[in-house]
Amino acid sequence: AVADFDGDGRDDIALGFFDEIRRFSQFILLDSNGRPQWDDAQPISGRITALTAVPFGDDPSLYLAVGTNQGRVDLYTGSRRRIWQRTLNRPITSLTAAYLPGGSGLISGTEAGSIVAFNLEGRRLWSRFLEDGRIVNLSAVPLPPDENQPAFSAVVASAARPDDPADVILFSQNGRSLDTPPPVARSEA
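A brief report on the enclosed structure follows. All values derive from a computational prediction rather than experimental measurement.

Focus: the side chain of aspartate 19
Within the secondary structure, aspartate 19 is located in strand E2 (residues 12–19). No salt bridge is formed by the buried aspartate 19; the nearest opposite charge belongs to arginine 22, separated by 4.0 Å. In this structure the side chain of aspartate 19 is engaged in a polar contact, spanning 3.1 Å, whose partner is the backbone nitrogen of arginine 22. Excluding residues that lie within four positions of it along the chain, aspartate 19 makes contacts with Phe24 and Gln26.

Here it is as structure tokens:
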């Protein structure tokens, strides 16, 4: 994840890696010159599968969300303080920050097809389950959407048929999937 986590006006780099010997992951925060901002790396149980920067509403701080293969989502400050930890019981495959009612939120996707939205306090705002789907990627729109416009998209692959093409599903701020409207009939002139 690349963002200005320390508020100095320059981008920092959050980097996660798995330590084969110790059998757990770690992540570090590097400043814009590539120097570690912490004395040592932050340990994380399991393998890190997703990292993303998350802004929350009017709070000028950026937070770092970390997802793991053990189904955990942790939220940290740029100074390495853990704000909360949630367990979704399925490997996390993607994380993104999105505009939600009441401000920004964190959207998490799992290998089992769950999509869950959290606020800054770690409260679950809503969740959706996509039958026979594995979340491959989540992407949010860069600006606050109108009520019936998409807030984020999910790339969903079939868990039962991995060779089938993936689908892209658009979601509203409330986690409602947005159906494609029918084509507009053109009048013949």
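Examining a nonpolar patch on the surface
Judged by side-chain polarity, Val2, Ile13, Leu15 and Phe17 come together as a nonpolar surface patch covering roughly 340 Å² of accessible area. Among the elements that take part in the nonpolar patch, E2 stands out by supplying three residues, more than any other. Accessibility expressed as a relative area gives 41% for leucine 15, which makes it partly exposed.

Some details on the nonpolar core
Residues Val73, Leu95 and Leu106 are the most contacted members of the largest nonpolar core, which totals 15 residues. Contributing elements (two or more residues each) for this core: strand E5 (48–55), strand E6 (62–68), strand E7 (72–77), strand E9 (92–100) and strand E11 (114–118). Broken down by element, this core gets its largest block of residues, three residues, from E9. With residues up to four places along the chain from it excluded, the contact list for leucine 106 reads Thr52, Val54, Phe56, Ala65, Val73, Trp84, Leu95, Thr96, Val116, Ala117 and Phe118.

Calculation rules
- Residues numbered from 1 in each chain as written.
- Predicted model: local features only at pLDDT ≥ 70, side-chain atom pairs only at ≥ 80, totals over all residues.
- Heavy atoms only, no water.
- Helix = DSSP H or I, 4+ residues; strand = E, 2+ residues; numbered from the N terminus.
- Buried < 20%, exposed > 50% of the residue type's maximum accessible area, 1.4 Å probe, protein only.
- Lys, Arg positive; Asp, Glu negative; His and termini not counted.
- Salt bridge = Lys/Arg side-chain N within 4 Å of Asp/Glu carboxyl O.
- Polar contact = N/O pair within 3.5 Å; in protein donor to acceptor, adjacent residues only side chain to side chain.
- Contact = heavy atoms within 4.5 Å.
- Patch = residues over 30% accessible without salt bridge, like charges linked within 9 Å, V, L, I, M, F, W, Y side chains within 5 Å.
- Areas by Shrake-Rupley, 256 points an atom, 1.4 Å probe, with all protein chains shown as cover.
- Core = buried A, V, L, I, M, F, W, Y, C linked by side-chain atoms within 4.5 Å.

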